[in-house]
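Single-letter residue listing:
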Amino acid sequence: MKKILLVASVASHIAQFHRPLVDMLHQYGFEIHAAAHNNMELKPGLKLDFIDKFIEVPFVRSVKDPKNVAAYKTIKRVIYSDDYVAIHCNTPIASVLTRLAARDARKHGAKVIYTAHGFQFFNGSSKKDWMIYYLSHQGL
């Protein structure tokens, strides 16, 4: 069965926004894995029961947090521990780390997609945000 990996900084993002996508992908025969920091205990009522496999990755939302080194190593291990046909990134920090970790996977045919939800590109946002998120998207 072909597998797709959904990646976000926190599991609640996937639980809140990705059920329709996952349901559609299941109809097409894909197995869906999700990788994120597990914050579900802070979000009563949300469930990831529509995901085939959940993988804890210790993403931290701050670019400067050194814990993201461990997150990078973990997501890289996740990517190369399975044969994903696509990796769908959804949140800025997790996306940058995942796209960096997936460079070799792309060379072997995996499609890496980043859905920029737009909140970091609003009129008046900092030049630093543009440099980190927008320009990194262009080259990764």
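Residues numbered from 1 in each chain as written. Predicted model: local features only at pLDDT ≥ 70, side-chain atom pairs only at ≥ 80, totals over all residues. Heavy atoms only, no water.

Once that is clear, we can look at the overall build of the protein chain. The helix and strand tally for the protein chain stands at six helices and five strands. Its helices and strands in sequence order give the protein chain the pattern β-α-α-β-β-α-β-α-α-β-α, from N to C terminus. Here the analysis covers contacts within the protein chain between residues at least 6 apart in sequence; of these, 64% occur between residues at least 24 apart. Accessible surface for the protein chain amounts to roughly 7900 Å². Of this, 57% is attributable to carbon and sulfur atoms. (Helix = DSSP H or I, 4+ residues; strand = E, 2+ residues; numbered from the N terminus. Contact = heavy atoms within 4.5 Å. Areas by Shrake-Rupley, 256 points an atom, 1.4 Å probe, with all protein chains shown as cover.)

A few words now on the side chain of His-33. With respect to the helices, strands and loops of the structure, His-33 is situated in strand β2 (residues 31-37). With a relative accessible area of 1%, His-33 lands in the buried category. In contact with His-33, not counting residues within four places along its chain, are Lys-3, Ile-4, Leu-5, Leu-6, Ile-51, Asp-52, Lys-53, Ile-55, Asp-82 and Tyr-84. (Buried < 20%, exposed > 50% of the residue type's maximum accessible area, 1.4 Å probe, protein only.)

So, about the nonpolar core. Soluble, globular proteins show a tendency: their nonpolar side chains are buried together. Of all hydrophobic cores here, the largest spans 21 residues; its most connected members are Leu-5, Val-7, Phe-59, Ile-75, Ile-79 and Ile-87. Non-local contacts of Ile-75, meaning those with residues more than four positions away in its chain, are made with Leu-5, Val-7, Ala-35, Val-57, Phe-59, Leu-97, Thr-98 and Ala-101. Grouped together as the second largest cluster of nonpolar side chains are 16 residues, Leu-6, Leu-25, Ala-36 and Leu-48 included. (Core = buried A, V, L, I, M, F, W, Y, C linked by side-chain atoms within 4.5 Å.)

Moving on, we come to the packing of helix α3 (residues 67-81) against helix α4 (residues 92-101). Viewed as axis vectors pointing N to C, α3 and α4 meet at an angle of 50 degrees, and their least axial separation amounts to 9 Å. Relative to α4, the element α3 lies oblique. Every pair of crossing elements has a handedness; the one defined by α3 and α4 is right-handed. Residues Asn-68, Ala-71, Tyr-72, Ile-75, Lys-76, Ile-79 and Tyr-80 of α3 lie in contact with α4, whose contacting residues are Ile-93, Leu-97, Thr-98, Leu-100 and Ala-101. Considered class by class, the residues forming the contact of α3 with α4 number nine nonpolar, two polar and one charged. (Axes fitted to C-alpha atoms, helices over the stretch in contact; angles between N-to-C directions. Parallel < 35°, antiparallel > 145°, perpendicular 65-115°, else oblique. Left-handed = near helix turned anticlockwise from the far one by under 90°. Nonpolar A, V, L, I, M, F, W, Y, C, P; charged D, E, K, R; others polar.)

This part is about the environment of Gly-109. Mapping Gly-109 onto the fold places it in the loop between α5 (103-107) and β5 (111-114). The class of Gly-109 is partly exposed, set by a relative accessible area of 46%. For the pair formed by Gly-109 and Asp-83, sequence separation is 26 residues and the distance between their alpha carbons is 9.9 Å.

What follows is about the pattern of salt bridges. Within this structure, the stated rule accounts for three salt bridges. Between Lys-3 and Asp-82 there is a salt bridge, and its shortest N-O distance comes to 2.6 Å. Taken together, the residues span a long stretch of sequence, with Lys-3 in strand β1 (residues 3-10) and Asp-82 in the loop between α3 and β4 (84-89) at a distance of 79 residues. By relative accessible area, which is 18% here, Lys-3 ends up buried. Arg-19 is the salt-bridge partner of Asp-49, the closest N and O atoms lying 2.7 Å from each other. On the criterion of sequence distance, the pair formed by Asp-49 in the loop between β2 and β3 (53-56) and Arg-19 in helix α2 (residues 19-27) is long-range, its members being 30 residues apart. Note on Arg-19: relative accessible area 34%, which makes it partly exposed. (Salt bridge = Lys/Arg side-chain N within 4 Å of Asp/Glu carboxyl O.)

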